[in-house]
Amino acid sequence: MHTAWWQELWRRHAHITTPLRQRGLECDIEFGLSAYIVHVSLPDDSYLIIGPPQEHPSERPPGDPEGWIVTRQHHDRPELFELIYDSVPSTDPGAPARPEGRHGRSATQVIEAIDQRLTQLRLLPAPPASTGSPSLPTAAQPEAPEPPAEVADSTAGYVYGNALLALTDQLNGAGSHAEAAALLHQILDPINGLLERLGEFFEAAGEKAKEAEQDDGFDLSYDLADAAAEIRNLGDVLHVAEDRMRALTPLPPAPRPSAALPRTSPFPPPALPSAPPGHTR
C-alpha cells in the first residue's frame, strides 16, 4: 500500500517500527477496535500488538497516544496472552501506579521492554544495536561497523543491510520532499553515494576473483565488472532524481477515516471464548 494516508501512518509510527525492524522483526500497521496499532510477527508464530487503549476512541493522532500497551498473543493458544508493557495513565485514582506509567507516550521504554521480554523468550532475531540509537541521523552517512569474524544465521551479522534498512525507514517517514531528497543524496551522490561505493565494491570483488587459479575466476571477474558498470549507469540515469524530488509539491493530507471494521485487539479474549480471536493479515 503506497497511498498518501498509508505513508503518513508509517511515518507516524516509525519511532516504533524502525527499531523493531532493525531487530529482524516484521511489522505492519492495522486498525484495531478504535485506533491504529502496530502488529509484530514473532518467530514462534505468536505476535505483539502495540498501540493505545482500544476501549474508547482517542482524540490523539495515530502514533502519538497518551500511553502504549504492548501485549503478546497467539492465534491458536490464548493461554500465551501476556501484558508486556502498559504506560497508559490510570483513570482509577485508587489503583496502584504502574512503574511504566510515568513514561507516558515515550517510545524508548516501549522498545526496551520488548527487548527485555523477547530476549527472555529467545524470540529476538537480532540483538539491539550497540549504539542504543533506533535510527540514523537524517543528514549523516551511516558508519559501517566491522563485520564479525563468523556471521551467524541472524540479521545481527548484516550490518550494512541494517544500515540501509534504517535509511529506508527514514525515507518512509520523511516529513517533506526536501528531507526525502536529502536521503536520495546519500544513495546518488556521484563521489560518496551508496551506488558509487557499491560499484567500487564489485570492482574490488572482480579483482579478487582474478587471483584464483581456476579459469572461472576470470569469468567471474568479468561478471562483477559488468555489475559495477550497470550500477554506475543507474547512478547516471537517476542523477537528477534528487532535484526532482526536492521540487515536488506534497498532496493535501487525506482525511482520517471516520470508522473501520475492527481487525484485532490488544486485549485478552473473554473468559470463555467460543473460539480464539482471529486475525487477518
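The sections below set out a description of the structure shown in this document. Treat the numbers as computed from the prediction; the structure is a model and nothing was measured.

## Some thoughts on helix 5 (residues 177-188)
What sets the pattern is the α-helix's 3.6 residues per turn: residues three or four places apart point alike.
Right, so step 1: Look at helix 5: 16 Å from first C-alpha to last across twelve residues, which is about the 16 Å you get at 1.5 Å a residue.
Right, so step 2: When helix 5 is considered as a whole, its buried residues turn out to be Ala180, Ala181, Leu183, Gln186, Ile187 and Leu188.
Right, so step 3: The inward-facing, buried residues of helix 5 abut helix 4 (159-172), helix 6 (194-209) and helix 8 (241-246).

## Side note on the packing of helix 4 against helix 5
Right, so step 1: With their axes 9 Å apart at the nearest point, helix 4 and helix 5 run at an angle of 155° to one another. The orientation of helix 4 with respect to helix 5, classified from their angle, is roughly antiparallel. Along this stretch, helix 4 crosses helix 5, giving a crossing that reads as left-handed. Between helix 4, through Leu164, Leu167, Gln170 and Leu171, and helix 5, the contact on the second element is made entirely by Ala180, Leu183, Gln186 and Ile187.
Right, so step 2: In terms of residue class, the contact of helix 4 with helix 5 is made up of six nonpolar, two polar and no charged.

## Here we look at the packing of aromatic side chains
Right, so step 1: Going through the model one piece at a time under the given rule, you end up with two aromatic pairs.
Right, so step 2: With 5.7 Å between their ring centres and 80° between their planes, Phe201 and Phe202 make a pair best called edge-to-face.
Right, so step 3: For Phe201, a relative accessible area of 55% puts it in the exposed group.

## Section: a nonpolar patch on the surface
Right, so step 1: A surface patch of nonpolar side chains, about 250 Å² in accessible area, is lined by Leu234, Val237 and Leu238.
Right, so step 2: With respect to the helices, strands and loops of the structure, Leu238 is situated in the loop between helix 7 (216-237) and helix 8.
Right, so step 3: Exposure remark for Leu238: the relative accessible area of 34% places this residue in the partly exposed category.

## Considering the sheet that holds strand 3 (residues 46-51)
Sheet strands line up and pair through hydrogen bonds in the backbone, either parallel or antiparallel.
Right, so step 1: If you walk across this open sheet you meet the five strands as 1-2-3-4-5, and the pairing is antiparallel. Each end of this open sheet is capped by a strand with a single partner; those strands are strand 1 (26-31) and strand 5 (82-86). The sheet shows a mean angle of 25° between the axes of neighbouring strands, direction not considered.
Right, so step 2: Bridge count between strand 3 and strand 4 (residues 69-74): six bridges; the pairing is antiparallel. Counterpart to Gly51 in the pairing with strand 4 is Ile69.

## Examining the pairing of strand 4
Right, so step 1: Among the six residues that make up strand 4, six are buried, leaving the element largely enclosed by the rest of the structure.
Right, so step 2: The alternating pattern of strand 4 places Ile69, Thr71 and Gln73 on one face and Val70, Arg72 and His74 on the opposite face, and all of these are buried.
Right, so step 3: With four bridges connecting them, strand 4 and strand 5 associate as antiparallel partners. For Val70, the partnering residue across the bridge sits in strand 5 and is Tyr85.

Criteria and cut-off values
Residues numbered from 1 in each chain as written. Predicted model: local features only at pLDDT ≥ 70, side-chain atom pairs only at ≥ 80, totals over all residues. Heavy atoms only, no water. Helix = DSSP H or I, 4+ residues; strand = E, 2+ residues; numbered from the N terminus. Expected span 1.5 Å × (residues − 1). Buried < 20%, exposed > 50% of the residue type's maximum accessible area, 1.4 Å probe, protein only. Contact = heavy atoms within 4.5 Å. Axes fitted to C-alpha atoms, helices over the stretch in contact; angles between N-to-C directions. Parallel < 35°, antiparallel > 145°, perpendicular 65-115°, else oblique. Left-handed = near helix turned anticlockwise from the far one by under 90°. Nonpolar A, V, L, I, M, F, W, Y, C, P; charged D, E, K, R; others polar. Phe/Tyr/Trp six-rings, centres within 6.5 Å; stacked < 30°, edge-to-face > 60°. Patch = residues over 30% accessible without salt bridge, like charges linked within 9 Å, V, L, I, M, F, W, Y side chains within 5 Å. Areas by Shrake-Rupley, 256 points an atom, 1.4 Å probe, with all protein chains shown as cover. Salt bridge = Lys/Arg side-chain N within 4 Å of Asp/Glu carboxyl O. Pairing = 2+ DSSP bridges.

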